[in-house]
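The chain contents come next:
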Amino acid sequence: MINAGINRVSLGSLTTKITLYAPVQTKNAKGAVENSYQKMADVYANVVEVPQTESGVDSNLVALNQIDIKMYIVKELTTRWRVEYDGQMYNVLSKAQAERQPIMTLRAERIME
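Residues numbered from 1 in each chain as written. Predicted model: local features only at pLDDT ≥ 70, side-chain atom pairs only at ≥ 80, totals over all residues. Heavy atoms only, no water.

1. Description of the packing of aromatic side chains
Tallying each qualifying case throughout the model produces one aromatic pair. Seen from their ring centres, Y85 and Y90 are 6.2 Å apart, and the 50 degrees between their planes marks the pair as tilted. Pair check on accessibility: Y85 and Y90 agree, each one buried. (Phe/Tyr/Trp six-rings, centres within 6.5 Å; stacked < 30°, edge-to-face > 60°. Buried < 20%, exposed > 50% of the residue type's maximum accessible area, 1.4 Å probe, protein only.)

Below you can see the structure in the form of C-alpha cells.
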C-alpha cells in the first residue's frame with residue numbers, strides 16, 4: 001500500500017532522476033507480436049526504498065525490493081509501465097494522485113532477472 005502522506009510532499013524534494021518506460025507491441029519479420037518497452041521521459045522524483053519483505057516461491061524465500069516514488073503527474077502512466085532507478089528496472093504496482101498538488105505516488109517492485 002502507498003504511504004498516506006502523499007499531500008505533504010515538498011516540490012523541492014523531487015531531486016532524483018528516474019526514467020519512465022511505456023509498453024509497446026511490435027511485429028517481427030514473421031508477423032509475431034513482440035512486447036517491449038519504449039523510453040518515454042526522464043523525470044525528477046522523490047524515491048524512498050521500502051523496507052524489504054520476503055515472499056515464498058516454490059519453498060524459496062525471495063526478497064521483494066520495492067520503492068515509493070513521488071513525482072509530477074504523468075496522466076498516461078499506468079501499472080503496465082516500468083521505471084528505471086539507480087540502474088535497476090522496476091514494474092509499477094500501483095499509483096495514487098494527490099488532491100491539491102500536481103503530484104502522484106507510485107509503488108514499484110524491482111524486476112529480478
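We are not done yet, so read on.
2. So, the nonpolar core
I18, L20, I69, M71, L77 and L106 are the most contacted members of the largest nonpolar core, which totals 19 residues. Those elements that provide at least two residues to this core are β1 (16-27), β2 (33-57), β3 (60-72), β4 (82-85), β5 (88-97) and β6 (103-110). With residues near it in sequence (within four places) discarded, L20 still touches Q38, K39, M40, A41, V43, M71, V74, L77, W81, R82 and V83. (Core = buried A, V, L, I, M, F, W, Y, C linked by side-chain atoms within 4.5 Å. Helix = DSSP H or I, 4+ residues; strand = E, 2+ residues; numbered from the N terminus. Contact = heavy atoms within 4.5 Å.)

3. Thoughts on the confidence of the model for the protein chain
On average, the protein chain scores 85 in pLDDT, and the residues at 70 or more come to 79%. Mean pLDDT in the protein chain bottoms out at β3, which sits at 82, and peaks at β4, which reaches 97. Ignoring residues within four places in sequence, the model shows residues 1-7, a span with pLDDT below 50, making 21 contacts including any to other chains. (pLDDT = per-residue confidence, 0-100.)

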